[in-house]
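This is what each chain is made of:
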Amino acid sequence: MILPDLPALLERHGLYLIGLEVQVRADGSAPTVDEVRTFLAARRVLAGIAPGSQYASNAAVVINVAAYEDDTIAVATDSGELGRGQTVEAFFAGLAHSLRTEIVADEDTLVSITGELGPYEGSEAPLSIDSLTITGPDSPQHVLLGALASMPEQGHYGLVGGRGVVLPAQGMALHGGIAEVPGARAMLPLLTFERSGEVRSINLYGDTSEDPHVTINSGPDYEAVSAHVPGTAWDIEQGLAKIPRVLCADEGPLPKKRGDKKAKASHASAVAAYELLVRAGGELSQSQPQELFSNVARLMGYPAEVASLVQAFDDPAFDPERRNLAAVPAAPEGSGFVHTTGVVGALEVCEKIGAKAKAKGRAVDVIGKARTRTLALLGIYLLLVLGVILANVIPALGTWLDIEHDIFTRLFSVFLVLGFGFTAVFMWAILKGLDKARETYASLSAKNIPNPLSLEN
């Protein structure tokens, strides 16, 4: 839901929303908000406008306008009611021609200076998004570390208030693609704090769905342009100006999940977080943008340090290590699934060995022991692969072994080779992951950050 309830208001009057981005001109000059305002106000177009820089957009100016379902632009009358203006295409062409630059409509349509419409391929310049991700209080930290180790750029990890915190170099890879991260279910619920320009966003992920269950945005209002008399046109334009202040939530509680005690505990934590955020979301979205993070941290019982971390992240003077965050090196280029699976798998092995050693009151080199066991298993599986290959190849080299192999036996042998071979690759990935784990834990130890697995290294 957008506050005020803009979608319902638009639907009631047969309108829909169009988002426009005014691009920088070919000569490098940028159209100004004043130029855009003059064009829109002269035509009484219902719109909200703002500098693109406020929202980390590559556009010079961003615009929200309303249009009727017959593709005519909504305008304000002298009495404050709704009226019809130009067709959408004529409006786009006039705006592009007047500003002498290209316009992007709804992120996928490019309007040239001559008014021609075509597909928009997107800008190569990356948006500036700072992000911090926090796991639930009972989430295994080794999975979060494994996910962080799979990212293409160096990130930072720490424990703040007993919760795992990830502060990556460029955005967080988990949200929007959490289902692709091995072991993601064990990290839930996840809460991300994001800053994009002057807009602050909170996202809650209660399961491995691509979209969050709750999103709260708070940003500077757009400037309303044309409606100056209270009425329907005024209400709609005020809604267009309030678009940066959003509460979006799934309707109803999160569906129940079946599983073990850990899965049920994770679901209970996600439901509790969902209810807290939905209940307070409307008020939170209307707060000052710079207050959103601290308000949510306080609501969720997080220490104030959580809010200040992402607030300060893009400051050139910000030093994560001074905040007691340990650097986690970037994943090797092109490592993909094998690297991520190896790190998470290695840390799961360490957790099991560590738990057994702890139960017996023994201090062991958990990573070293895990490495020895993994090497032994790797050797066994390689021998099995070699044995199956020889059992099929040797009879084919001569008749001194009178063993007949029908087609089913050979197919079964192929499946055995593939199965043993894949397992051997997985074991090799775990070995690499163990090396990465030792490197990570050495970094944690150097920063006096508690080891998330309580391992004896």
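Please refer to the structure higher up on the page.
Now for a quick tour of the structure. Every value quoted in this text rests on a predicted model; they were computed, and no experiment measured them.

### Thoughts on the overall build of the chain
- Of regular secondary structure, the chain possesses 11 helices and 17 strands.
- Counting across all 457 residues of the chain, residues that qualify as buried make up 48%.
- Long-range contacts, defined here as pairs at least 24 residues apart, represent 66% of the contacts in the chain between residues at least 6 apart.
- When the accessible surface of the chain is totalled, it reaches about 22,400 Å², and 56% of it is carbon and sulfur.

### Digging into unusual backbone geometry
- Residue R44 is not a glycine yet carries a positive backbone phi of 60 degrees.
- Residue placement: R44 occurs in the loop between α2 (33-42) and β2 (47-51).
- Positive phi, normally seen in glycine, also occurs at R100, with a value near 60 degrees.
- Here R100 lies in the loop between α3 (88-99) and β6 (103-105).

### Notes on the pattern of salt bridges
- Evaluated as defined, the whole model comprises six salt bridges.
- Residues D34 and R37 are paired through a salt bridge, measuring 2.6 Å at the closest nitrogen-oxygen approach. Here D34 and its partner R37 are both found in helix α2, three residues apart, which amounts to about one turn of the helix.
- Looking at D34, the relative accessible area reads 47%, which means it is partly exposed.
- Here D70 and R84 are joined by a salt bridge, their closest N and O atoms 3.2 Å apart.

### Concerning the environment of V160
- As for its placement among the helices and strands, V160 is situated in strand β10 (residues 155-160).
- Considered as a pair, V160 and N324 are 164 residues apart in the sequence and their alpha carbons are 9.4 Å apart.
- Setting aside residues no more than four positions away along its own chain, V160 makes contact with V165, P303, E305, V306 and L309.

### Details of the packing of aromatic side chains
- In this structure the tally under the stated criterion is four aromatic pairs.
- Between F91 and F92 the ring centres are 6.2 Å apart and the planes differ by 50 degrees, which places this aromatic pair in the tilted class. Residue F91 shares its accessibility class with F92, and that shared class is buried.
- With centroids separated by 6.4 Å and ring planes inclined at 45 degrees, the aromatic side chains of F193 and Y302 adopt a geometry described as tilted. In this pair, F193 sits in strand β12 (residues 190-196) while Y302 sits in the loop between α7 (289-300) and α8 (305-311), placing the two residues 109 residues apart along the sequence.
- You can call Y302 buried: its relative accessible area is 10%.

### Quick look at α7
- The end-to-end C-alpha distance of α7, which contains 12 residues, comes to 18 Å, matching closely the 16 Å that a straight helix rising 1.5 Å per residue would cover.
- Among the residues of α7, P289, L292, F293, N295, V296, A297 and M300 are the ones counted as buried.
- Looking one or two residues beyond α7, the residue adopting positive phi is G301, at roughly 80 degrees.

### Re the environment of R200
- Along the chain, R200 falls in strand β13 (residues 199-205).
- Through-space distance from the C-alpha of R200 to that of F293 is 7.5 Å; in sequence the pair is 93 residues apart.
- Once you skip the residues sitting within four places of it in the chain, R200 turns out to touch E194, R195, I216, N217, S218, P289, Q290, L292, F293 and Q311.
- Engagement of the side chain of R200 in a polar contact is seen with the backbone oxygen of E198, the distance being 3.2 Å.

### Some points on α3
- In this model, α3 (12 residues) spans 17 Å end to end at C-alpha, consistent with the 16 Å of a helix rising 1.5 Å per residue.
- Regarding α3, the residues found buried are V88, F91, F92, L95, A96 and L99. Looking straight down α3, one finds that the buried residues subtend no more than 125 degrees of arc, so they occupy a single side. In α3, the exposed residues that point more than 90 degrees away from the buried face are E89 and H97.
- Remark: R100 follows α3 within two positions and exhibits a positive phi of approximately 60 degrees.

### A closer look at the pairing of strand β1 (residues 15-22)
- As paired elements, β1 and strand β3 (residues 61-68) share eight bridges and run antiparallel to each other. Pairing of L17 across the sheet is with A66, part of β3.

### Quick notes on the pairing of β3
- Across the eight residues that make up β3, a large majority, eight, are buried.
- With burial as the criterion, each face of β3 is covered, one bearing V61, I63, V65 and A67 and the other bearing V62, N64, A66 and Y68.
- One ladder, built from five bridges, connects β2 with β3; its direction is antiparallel. Bridge pairing in β3 links A50 to V62.

### Overview of the packing of α2 against α3
- The contact between α2 and α3 brings their axes to 11 Å, and the two run at 140 degrees. Here α2 is positioned oblique relative to α3, judged by the angle of their axes. Here α2 and α3 pass one another in a crossing that is right-handed. For the pair α2 and α3, the contacting residues are E35, V36, F39 and L40 in the first and F91, G94, L95, S98 and L99 in the second.
- The class makeup of the residues in the contact of α2 with α3 is six nonpolar, two polar and one charged.

Thresholds, definitions, all that
Residues numbered from 1 in each chain as written. Predicted model: local features only at pLDDT ≥ 70, side-chain atom pairs only at ≥ 80, totals over all residues. Heavy atoms only, no water. Helix = DSSP H or I, 4+ residues; strand = E, 2+ residues; numbered from the N terminus. Buried < 20%, exposed > 50% of the residue type's maximum accessible area, 1.4 Å probe, protein only. Contact = heavy atoms within 4.5 Å. Areas by Shrake-Rupley, 256 points an atom, 1.4 Å probe, with all protein chains shown as cover. Salt bridge = Lys/Arg side-chain N within 4 Å of Asp/Glu carboxyl O. Phe/Tyr/Trp six-rings, centres within 6.5 Å; stacked < 30°, edge-to-face > 60°. Expected span 1.5 Å × (residues − 1). Polar contact = N/O pair within 3.5 Å; in protein donor to acceptor, adjacent residues only side chain to side chain. Arc of directions from axis to C-beta. Pairing = 2+ DSSP bridges. Axes fitted to C-alpha atoms, helices over the stretch in contact; angles between N-to-C directions. Parallel < 35°, antiparallel > 145°, perpendicular 65-115°, else oblique. Left-handed = near helix turned anticlockwise from the far one by under 90°. Nonpolar A, V, L, I, M, F, W, Y, C, P; charged D, E, K, R; others polar.

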